[in-house]
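# Understanding the architecture of this molecule
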Amino acid sequence: MEPAGAAMPREFAALEDFPTLLRRRGLMSQTPLSPGPVDRAQFTETHATTILAFKFSGGVLVAGDRRATAGNTVVYDRADKVLEIDRHSIMAIAGVPATAWEMARVLEHSFQYFRRTQLQEMSVDGKVRALSKLLRDNFGFVMQGVGVVVPIFATYDFASHEPGPRLYFYDAMGAQFEVTEYAATGSGSPGVRGILYYENKWGKKPLAKLREDEAVTVALRALDTAAEADTATGGVDRSGKIFPIIKVVSQDGISTLAEEKIAAVFKRSVA
Amino acid sequence: MIEEPYRWVEAIANRREYIETQLVSGSPIVALGCEEGILFLTVGSGRQKIFEIYDRIAMGAIGHPGDIERLRMAAIELASTEGFTRSAADVSLRRLAYYSLSPVMKTAFEQVYGAPYLARLLFAEVGATQAQDLFLRVEYDGAITSNGAPTAVQLDAFAVISGSRDATAAVESYLRDQHKPGATLVHGIDAALNGWVVAQLAGDTTNTKEPPTDAQIAAARAERVRAGGIEGAILERSDARAIRYRMLSESEIGAATGA
């Protein structure tokens with residue numbers, strides 16, 4: 001008879017997370033060991049820029065412009081940087097879309113994989129941490145000068161003793177910062193932060209008290225201001241009628257604002 | 001000992017008998033196509049028996065919880081990696097069952113020195129229309145029964161697993177009679193629950209070949225089914241959301257069963 005425990009460690013199923021599963025199956029790219037920094041003369045990566053989020057009376061509003069750039073070139077003017085991860089979670093991205101979209105995909109599958117295998121929804125802390133780990137795993141690329149991603153994560157916490165919307169932003173190494181009012185990242189974010197600070201402190205009412213149309217007005221004005229000084233931010237393309245993507249996270253899930261609705265607010269209070 | 005072929009056949013037969021005995025007390029599970037989607041229903045024995053596998057795939061299982069868990073994990077892992085590397089549309093129940101699960105279960109069953117999977121599985125994949133719904137049953141020995149080959153017409157808009165062949169046959173014959181494609185979820189829940197009762201009655205009255213009457217079914221249902229004991233889930237047909245699986249709430253089931 002075999003000694004008890006000989007095969008035990010391997011036999012007990014570990015609660016493996018989805019990225020670990022992908023690595024075991026060789027389906028997730030690894031950071032190359034040390035190829036040295038990327039030569040900028042040889043390669044210019046695509047960047048997506050300027051996202052913002054703030055809490056208002058109806059939940060969390062998350063908005064992003066539509067521009068993707070590589071150096072001085074506009075690559076795409078209809079990029080979607082506000083990505084739905086599950087029924088109550090949004091990841092908005094500034095940085096390199098190639099990496100960010102892949103992260104969003106991993107994240108989306110991670111949450112579903114957890115729910116399906118563990119038969120319960122992943123906690124908000126677990127979700128926030130999952131994105132943090134992806135960012136840290138990506139840091140090797142960042143140090144080589146490619147693939148930097150600085151996301152915002154918005155979700156709704158039902159399990160807390162004070163249920164409500166939650167908002168986080170990250171740095172490129174994966175540190176997460178929970179914010180109570182607003183967050184903005186990307187090249188156009190300094191201007192946006194200024195506006196959100198100003199509105200929150202000296203505006204007609206604090207951001208948390210805004211109605212939806214008022215919140216949309218603030219978001220559009222902020223992105224328009226960012227685009228004024230930052231060529232990498234698309235703002236609102238008036239001739240092409242390309243409007244930012246705006247989504248709201250609330251108790252009922254995620255709602256995407258219709259383009260006509262955004263256009264109407266834009267015409268009334270921004271243009 | 002089992003180098004001799006007939007010893008092996010004998011060992012396999014013993015093992016089949018052993019597994020069938022182990023499965024016989026399993027509470028039947030009914031999957032049934034209706035207008036709103038595919039309904040899974042069983043009456044609870046205390047632990048969850050209906051599970052989400054992927055966006056459009058669900059599973060019901062009877063057997064040993066440890067074996068069910070291993071198969072469930074394998075199915076989720078395979079579907080998730082496929083859906084991640086390609087797309088959710090490329091995840092196919094047919095391939096999952098035939099290509100991945102069946103060979104492994106067959107091997108485990110036939111290697112008489114190892115343990116077989118003590119489980120009987122019921123899978124369904126919801127289609128855009130009811131004719132595209134796929135139902136598969138996977139046995140402990142890897143055998144698969146499907147509701148229709150890809151080219152053939154769909155045979156049944158339902159599938160059943162239970163502890164015994166007789167009980168399964170009784171439910172199938174009942175549902176073939178009572179459940180018509182195009183039925184609504186409310187009717188589906190009612191029919192599935194009656195189907196569960198029919199399986200229970202088939203277990204009781206092995207001496208009579210007569211199907212139970214409606215009155216017998218109603219009486220047995222009142223006696224054996226408590227509203228809270230019903231476990232139900234649906235794979236929704238509507239493509240409004242990517243993830244179609246949803247557990248039915250007690251009030252939804254109560255409304256359909258009048259309990």
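An account of the accompanying structure is given in this report. Per-chain numbering applies: the sequence of each chain, read as written, is numbered from 1 onward. All chains are assigned letters beginning at A, and all ligands numbers beginning at 1, according to the order in which they are written. Reporting of local features is limited, given that this is a predicted model, to residues whose pLDDT is at least 70; pairs of side-chain atoms are given and counted only at 80 or more, and all residues count toward the totals for whole chains, interfaces and linings. Note that the side-chain values use all heavy atoms of the structure and ignore hydrogens as well as water.

A few words on the overall build of chain B. Only DSSP runs of H or I with at least four residues qualify as helices, and only runs of E with at least two residues qualify as strands; both kinds are numbered from the N terminus onward. If you tally the helices and strands in chain B, you get 7 helices and 10 strands. The globule rule is 2.2 Å times the number of residues to the power 0.38, and the radius of gyration it is compared with is taken over C-alpha atoms. Taking 259 residues into account, the globule formula puts the C-alpha radius of gyration at 18 Å, and chain B, at 18 Å, falls close to it. Counting only C-alpha atoms, chain B reaches 60 × 50 × 35 Å along its principal axes. When burial is assessed residue by residue, chain B has 51% of its 259 residues classed as buried. Working definition: with a 1.4 Å probe on protein chains only, accessible area under 20% of the residue-type maximum means buried, over 50% means exposed, and in between means partly exposed.

We now examine the overall build of chain A. In terms of regular secondary structure, chain A is built from 8 helices and 13 strands. Taking 2.2 N^0.38 as the reference for a compact globule, 271 residues should give roughly 18 Å; the C-alpha atoms of chain A span a radius of gyration of 20 Å, in line with that estimate. Looking at chain A alone, contacts between residues at least 24 apart form 63% of all its contacts between residues at least 6 apart. Of the roughly 13800 Å² of accessible surface on chain A, a fraction of 54% belongs to carbon and sulfur atoms. The contact definition used throughout considers only heavy atoms, calling two residues in contact when any of these lie within 4.5 Å. Accessible surface area values rest on a Shrake-Rupley calculation with a 1.4 Å probe, where residue burial reflects the displayed protein chains alone.

This part takes up the interface of chain B and chain A. Facing the 21 residues of chain B at the interface are 18 residues of chain A. In short, buried area is how much 1.4 Å probe accessible area vanishes from two parts on joining, totalled over both. In this assembly, chain B packs against chain A so that about 1700 Å² is buried in total across both faces, 55% of it on carbon and sulfur atoms. Contact with chain A buries surface across chain B, with E77(B), T81(B) and F84(B) losing the most and accounting together for 39% of the total. By salt bridge we mean one thing: a side-chain nitrogen of Lys or Arg within 4 Å of a carboxyl oxygen of Asp or Glu. Note that E52(B) is salt-bridged to R115(A), the shortest N-O span being 2.7 Å. Whenever a nitrogen or oxygen atom comes within 3.5 Å of another N or O atom, the pair is scored as a polar contact, on the condition that within protein one atom can donate a hydrogen and the other can accept it, and that pairs from neighbouring residues in sequence are kept only if both atoms are in side chains. Linking chain B to chain A there are 12 residue pairs in polar contact (both at pLDDT 80 or more). Elements represented by at least two residues in the side of chain B that touches chain A include exactly β3 (50-54) and α2 (65-85) of chain B. Per-element accounting of the side of chain B that touches chain A gives the leading share, 11 residues, to α2(B). Polarity classes work like this: nonpolar for Ala, Val, Leu, Ile, Met, Phe, Trp, Tyr, Cys and Pro, charged for Asp, Glu, Lys and Arg, and polar for all others, with Gly in that last group. Looking at the side of chain B that touches chain A, its residues break down into 8 nonpolar, 6 polar and 7 charged.

As a further point, take the nonpolar core. Throughout this description, the term nonpolar core refers to a set of buried Ala, Val, Leu, Ile, Met, Phe, Trp, Tyr and Cys residues connected via side-chain atoms within 4.5 Å. Of all hydrophobic cores here, the largest spans 52 residues; its most connected members are M91(A), L107(A), F153(A), I53(B), M59(B), L121(B) and F123(B). Looking at which element gives the most residues to this core, the answer is helix α3 (residues 97-118) of chain A, with 7 residues. I217(B), V225(B), I253(B) and A256(B) belong to the second-largest nonpolar core, a separate cluster that totals 31 residues.

The subject of this paragraph is the sheet that holds β3(B). Residues and elements named next belong to chain B. The criterion for strand pairing is that DSSP finds at least two bridges linking the strands in question. One open sheet holds the 5 strands; their spatial order is β3-β4-β5-β6-β7, and the pairing between them is antiparallel. Because the sheet does not close on itself, it has two edges, and the strands there are β3 and β7 (144-146). Strand-to-strand twist of the sheet, defined as the mean angle between neighbouring strand axes without regard to direction, takes the value 20 degrees. With 4 bridges joining them, β3 and strand β4 (residues 57-63) adopt antiparallel strand pairing. When the bridges of β4 are listed, Y54 appears paired with I57. Its contacts with the sheet place α2 against β3, β4 and β5 (119-125), and it is angled at close to 25 degrees to β3. Axes, fitted as lines to C-alpha atoms, cover a helix only where it is in contact. Angles between the N-to-C directions of the axes lie from 0 to 180 degrees.

Quick look at the layout of surface pockets now. Space inside and on the surface of the protein is sampled on a 1 Å grid over the protein atoms alone, with a cavity defined as a set of points where a 1.4 Å probe fits but cannot get out and a pocket as an open set with protein on both sides within 12 Å along at least 5 of 7 lines; lining residues have an atom within 4 Å of a point. Grid points are joined across faces, edges and corners, and a volume is the space filled by probe spheres set on the points. Volume-wise, the largest pocket comes out at about 1100 Å³. Lining the largest pocket are 35 residues, with D86(A), R87(A), R115(A), E121(A) and I243(B) sitting closest to its centre. Broken down by secondary-structure element, the contributors of at least two residues to the lining of the largest pocket are β6 (82-86), α3, α4 (124-137), β8 (149-157) and β13 (253-256) of chain A together with β3 and β10 (245-247) of chain B. Element by element, the count of residues in the lining of the largest pocket is highest for α3(A), at 4 residues. Considering only residue class, the lining of the largest pocket consists of 15 nonpolar, 6 polar and 14 charged.

A separate point is the pairing of strand β2 (residues 51-56) of chain A. Residues and elements named next belong to chain A. Counting buried positions along β2 yields 6 of 6 residues, so the element is predominantly enclosed. On β2, burial covers both faces: I51, A53 and K55 on one face and L52, F54 and F56 on the other are all buried. Bridge count between β2 and strand β3 (residues 59-64): 6 bridges; the pairing is antiparallel. Across the sheet, residue I51 finds its bridge partner in β3, namely G64. Remark: 2 residues form the turn of the hairpin made by β2 and β3, two consecutive strands paired antiparallel. In this sheet, strand β11 (residues 182-185) lies alongside β2 in antiparallel orientation, the contact comprising 4 bridges. Across the sheet, F54 pairs through a bridge with Y182, a residue of β11.

Looking now at α4(A). Along an α-helix, a turn takes 3.6 residues, which lines up residues three or four apart on a common side. Along its 14 residues, α4(A) runs 20 Å from first to last C-alpha, staying within 8% of the 20 Å computed at 1.5 Å per residue. Along α4(A), the residues that are buried comprise V124(A), K127(A), V128(A), A130(A), L131(A), S132(A), L134(A) and L135(A). Multiply 1.5 Å by the residue count of a helix minus one, and that product is the helix's expected span.

As a further point, take the sheet that holds β3(A). Residues and elements named next belong to chain A. Pairing is antiparallel in the open sheet, where 5 strands are placed in the order β11-β2-β3-β12-β13. In the strand order of this sheet, the two ends are held by β11 and β13, each with one partner. When strand polarity is set aside, the average angle formed by the axes of neighbouring strands in this sheet is 15 degrees. As judged from the 4 bridges shared by strand β12 (residues 245-250) and β13, these two strands associate in the antiparallel manner.

Looking now at empty space enclosed by the protein. Once rolled over the atoms, a probe with the size of a water molecule shows which space is left empty. Residue and element names in this part refer to chain A. Taken as a whole and assessed by the stated rule, the structure comprises 1 cavity of 30 Å³ or more. Estimated volume of the largest cavity: approximately 50 Å³. In this structure, the largest cavity is lined by R66, R67, D77, G234, G235, D237 and I242. A breakdown of the residues in the lining of the largest cavity according to their chemical character gives 1 nonpolar, 2 polar and 4 charged.

A word on the packing of aromatic side chains. Here the aromatic set is Phe, Tyr and Trp, taking the six-membered ring for Trp, and pairing holds for ring centres within 6.5 Å; pairs whose planes are under 30 degrees apart are stacked, those over 60 apart are edge-to-face, and all others are tilted. As enumerated under the stated definition, the model contains 9 aromatic pairs over all chains in all. Summarising the aromatic geometry, the rings of F111(A) and F153(A) are spaced 6.4 Å apart at their centres and angled 80 degrees between planes, so their arrangement reads as edge-to-face. Taken together, the residues span a long stretch of sequence, with F111(A) in helix α3 and F153(A) in strand β8 at a distance of 42 residues. Under the relative-accessibility criterion, F153(A) is labelled buried at 0%. Measuring from ring centre to ring centre gives 5.6 Å for F109(B) and Y140(B), while their planes differ by 55 degrees; the resulting arrangement is tilted. With F109(B) in helix α3 (residues 93-110) and Y140(B) in the loop between β6 (134-138) and β7, this residue pair connects regions lying 31 residues apart in the sequence. Each of the two residues, F109(B) as well as Y140(B), counts as buried.

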